[in-house]
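Chain by chain, the residues:
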Amino acid sequence: MTARIVAGIDLGGTAVNYTFLDERGQFLIDGLCEHPARSTEGPDVCLGQIADGMAMAAERAGVRLADVVAVGLDTPGPASATGVLSRRGSTNFVHPQWAGYDMRTGLERKLGRPVTYLNDGNAAALWGHVSIFGSENRATSISAIIGTGLGGGVITDGKVVVGRNGFGGELGHVLIPFTSIRGIEGLVPSCNCGRTGDLESLCSLTAIRQSLLPHFLRKQPDHPLAKQEIAAAAKLVRGLAEQGDPLCREIFRVQAHALGLFFDEMINVFDPDALIVGGGAVETGPEFRRWFLDEIRIGMPTQRDEQAGIPLHVMPNGDTAGARGAALDAVRVVR
Ligand SMILES: [Zn+2]
């Protein structure tokens, strides 16, 4: 008897992560299932790695490769809605042959199966959405995932908003009224995209390193983190915040309030069924996570009575969210 299995492939700059989804909607791999991406060696080597890793992952999951009928791929951008990487290159795909490379078609040829494409933020958002509402739904959700940058996505009526150029759901570069956040008076938070005061400029690991940690250390130069190199110090902020260090808690409070302002904008645009938060700040102990979610709500302007109780969820299985969302996207091809 043949099964109809869909694979989800999350291609990052350094590693490929795999999952498989069966006909009953069950994921066949629980945690991370990784293989080196070797993306710096260009598309030919990297696509070979993806294929080799998929065979190994299938063995681990007890899946026959012949049963894999479609593949969902997700990668970091910038890429078009159909998976063509930007001609200007990308931080994660630096080999010259990646510029303008048609990732989706290339992988389809390599694997001999239909391949669908989403950017990594949108794939994670789709997983977060389906984990709450199921695969058959007409709900609307907004997902924000805090990492090195700020990724995420918008799902309306059960469908990912990809946009005309593939830039739908680039939530990190949405401007927020940051001057209303207490404690960062005088700070000019700039983002690598050239904007000042967008969500990523305040709510990302990069924001901690470039703006928030230097800002708070200027006010408190005797803090132990002031003695460290800034990039190393930035990575210690979350752990210290969890342990109750006041300066580091302040940094996360500012991040939570930035998210609150952003979600308020989304509530007024979409009137969504749910807000979803993923990434570093919520991959913490339960006490800190609860405090962070409460601070997001505190950071929101007052909502209409009807919208005051809008659910705020934590994205489950954060490290496999991209692969799972990519697999869910590929199910469309099978139907
Ligand atoms: Zn930006």
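The structure reproduced in this document is the subject of the present report. (Residues numbered from 1 in each chain as written. Predicted model: local features only at pLDDT ≥ 70, side-chain atom pairs only at ≥ 80, totals over all residues. Heavy atoms only, no water.)

Our next topic: the packing of aromatic side chains. Going through the model one piece at a time under the given rule, you end up with 8 aromatic pairs. Between F27 and W127, the ring centres sit 5.4 Å apart and the planes meet at 90°, which makes this aromatic pair edge-to-face. Of this pair, F27 sits in the loop between β2 (15-21) and β3 (34-36) while W127 is found in helix α3 (residues 120-133), placing the two residues 100 residues apart along the sequence. Given the relative accessible area of 17%, F27 is considered buried. Through a chain of ring-to-ring contacts, three or more aromatic side chains come together here, namely F252, F288, W291 and F292. When the ring centre of F27 is taken as origin, the NZ or CZ atom of R324, which lies over that ring, is 4.5 Å away. Its guanidinium or amino end placed over the ring of W127, R324 lies 4.9 Å from that ring's centre, counting from NZ or CZ. (Phe/Tyr/Trp six-rings, centres within 6.5 Å; stacked < 30°, edge-to-face > 60°. Helix = DSSP H or I, 4+ residues; strand = E, 2+ residues; numbered from the N terminus. Buried < 20%, exposed > 50% of the residue type's maximum accessible area, 1.4 Å probe, protein only. Lys NZ or Arg CZ within 6 Å of the ring centre and 35° of its normal.)

What follows deals with the coordination of the zinc ion. Coordination of the zinc ion by the protein is provided by H173 (ND1), C191 (SG), C193 (SG) and D198 (OD), with metal-donor distances spanning 1.9 to 2.3 Å. Classification of the site at the zinc ion rests on its 4 donor atoms, whose angles at the metal span 103 to 117°, yielding the label tetrahedral. The sequence motif formed by the donor residues of the zinc ion is H-x17-C-x1-C-x4-D. (Donors = N, O, S within 2.8 Å, 3.2 Å for Na, K, Ca; no water. Tetrahedral: all angles 85-135°; square planar, octahedral: opposite > 155°, others 65-115°.)

Strand β7 (residues 150-156) sits mainly inside the fold: 5 of its 7 residues count as buried. Of the pairings in the sheet, the one linking strand β6 (residues 141-146) to β7 comprises 6 bridges and is antiparallel in character. Bridge pairing in β7 places I146 opposite L150. The loop that links β6 with its antiparallel partner β7 comprises 3 residues. (Pairing = 2+ DSSP bridges.)

Turning to a negative patch on the surface, a few remarks are in order. A contiguous patch of negative charge, built from D271, D273, D305 and E306, is present on the exposed surface. Note on placement: D305 falls in the loop between α7 (286-298) and β10 (312-314). With relative accessibility at 72%, the residue D305 sits in the exposed group. (Patch = residues over 30% accessible without salt bridge, like charges linked within 9 Å, V, L, I, M, F, W, Y side chains within 5 Å. Areas by Shrake-Rupley, 256 points an atom, 1.4 Å probe, with all protein chains shown as cover. Salt bridge = Lys/Arg side-chain N within 4 Å of Asp/Glu carboxyl O. Lys, Arg positive; Asp, Glu negative; His and termini not counted. Charge placed at Lys NZ, Arg CZ, Asp CG, Glu CD.)

Taken N-terminus to C-terminus, the directions of helix α5 (residues 230-242) and helix α6 (residues 246-270) make an angle of 105°; their axes are 8 Å apart at the nearest point. When the axes of α5 and α6 are compared, the pair comes out roughly perpendicular. Where α5 approaches α6, its residues V237, R238, L240, A241 and E242 are matched on the opposing element by C248, R249, I251 and F252. Taken together, the residues of the contact of α5 with α6 break down into 6 nonpolar, no polar and 3 charged. (Axes fitted to C-alpha atoms, helices over the stretch in contact; angles between N-to-C directions. Parallel < 35°, antiparallel > 145°, perpendicular 65-115°, else oblique. Contact = heavy atoms within 4.5 Å. Nonpolar A, V, L, I, M, F, W, Y, C, P; charged D, E, K, R; others polar.)

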